[in-house]
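Here are the chains, one letter per residue:
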Amino acid sequence: MFQHPCPAQTLITVISFYPEKVCDEITKVVGLAQPRIAHRTQMPYTDAVIHEVQRFANILPTSLPHATTTNVTFKNYYIPKGTEVITLLTSVLQDPTQWEKPHTFNPEHFLNSKGKFVKREAFMPFSVGNRKCVGESLARMELFLFFTSLMQKFTFQPPHGVSHLDLDLTPDIGFTTRPMPHKICALPRERQS
Ligand code: HEM
């Protein structure tokens with residue numbers, strides 16, 4: 001059994017419990033300027049948070065279906081030509097042999113003891129191989145620029161009178177894992193000169 005956390009739940013975890021470190025990094029590296037991709041290498045914590053969101057709440061858990069083009073024997077399983085194969089990316093993204101805390105949101109999965117960003121072989125939300133996502137570079141740029149821009153300009157919280165614990169964070173699991181619709185307030189941050 002694998003857990004499929006809701007992307008919204010993960011985002012709320014991030015904005016509720018992790019904003020300070022991300023915002024400190026934004027203040028230090030980006031300031032009031034428009035975030036640029038060149039900032040990413042100087043922002044290991046933010047990069048780690050984004051990677052951990054994708055690991056913890058991957059939006060395409062079963063990747064895309066494929067079929068074998070020849071007869072294949074894989075790990076003692078005989079798979080005849082033409083068999084449809086569906087890979088479960090979550091089995092790798094939450095593999096207890098690969099991750100220190102597979103079922104916990106933990107940006108430290110992508111940081112070494114000195115706080116430097118580390119790549120992990122088992123990080124594969126875009127799948128692997130010849131047919132891996134062709135939009136990976138674009139998606140990764142967009143994730144960084146959107147996330148840092150939003151965190152730079154807003155704080156996020158539930159509507160007045162609603163605790164973040166009251167929000168319905170049940171994931172809408174289908175071909176993609178999506179959040180259920182819910183209301184959240186984006187409050188402009190005070191500009192500091
Ligand atoms: C966070 C964002 C994204 C995630 C997690 C994601 C994930 C994936 C995954 C898991 C696959 C299946 C790979 C396989 O079959 O083994 C895939 C395929 C694909 N993705 Fe993405 N993707 C994202 C964004 C994008 C974007 C922005 C584009 C285009 C601009 C894109 C275009 C494609 C295309 C064309 C394929 C099919 C590739 C093929 O069959 O050869 N994706 N993606």
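Since we're looking at a predicted model, the values are computed, not measured.

Examining helix H3 (residues 44-56)
Across its 13 residues, H3 extends 18 Å between first and last C-alpha, which sits within 8% of the 18 Å expected from 1.5 Å per residue. Of all the 13 residues making up H3, ten are buried; the element is thus mostly covered by neighbouring parts of the structure.

Observations regarding the UniProt feature "binding site: heme" (unreviewed entry) in the protein chain
In the numbering used here, UniProt assigns the "binding site: heme" (unreviewed entry) feature to Cys133. Positionally, cysteine 133 belongs in the loop between helix H4 (89-93) and helix H5 (136-153). Not counting chain neighbours up to four residues away, the residues in contact with cysteine 133 comprise Phe126 and Ser127.

Comments concerning the nonpolar core
Counting eleven residues, the largest nonpolar core consists of Val22, Ile26, Ala48, Val49, Ile50, Val53, Phe56, Ala57, Phe110, Phe147 and Met151. The set of elements that each furnish at least two residues to this core consists of helix H2 (19-29), H3 and H5. Take this core: its biggest share by element is five residues, from H3. Each residue touching methionine 151, except ones within four places of it in the same chain, is listed here: Pro19, Val22, Cys23 and Ile26.

Observations concerning unusual backbone geometry
A positive phi is found at serine 63, a non-glycine position, where the angle reads about 50°. Relative to the helices and strands, serine 63 is located in the loop between H3 and strand S1 (66-67).

Reading guide: rules and limits
- Residues numbered from 1 in each chain as written.
- Predicted model: local features only at pLDDT ≥ 70, side-chain atom pairs only at ≥ 80, totals over all residues.
- Helix = DSSP H or I, 4+ residues; strand = E, 2+ residues; numbered from the N terminus.
- Expected span 1.5 Å × (residues − 1).
- Buried ≥ 20, exposed ≤ 12 C-beta atoms within 10 Å, placed from the backbone.
- UniProt positions renumbered as here; feature names shortened; annotations may be inferred.
- Contact = placed C-beta atoms within 7 Å.
- Core = buried A, V, L, I, M, F, W, Y, C linked by C-beta atoms within 7 Å.

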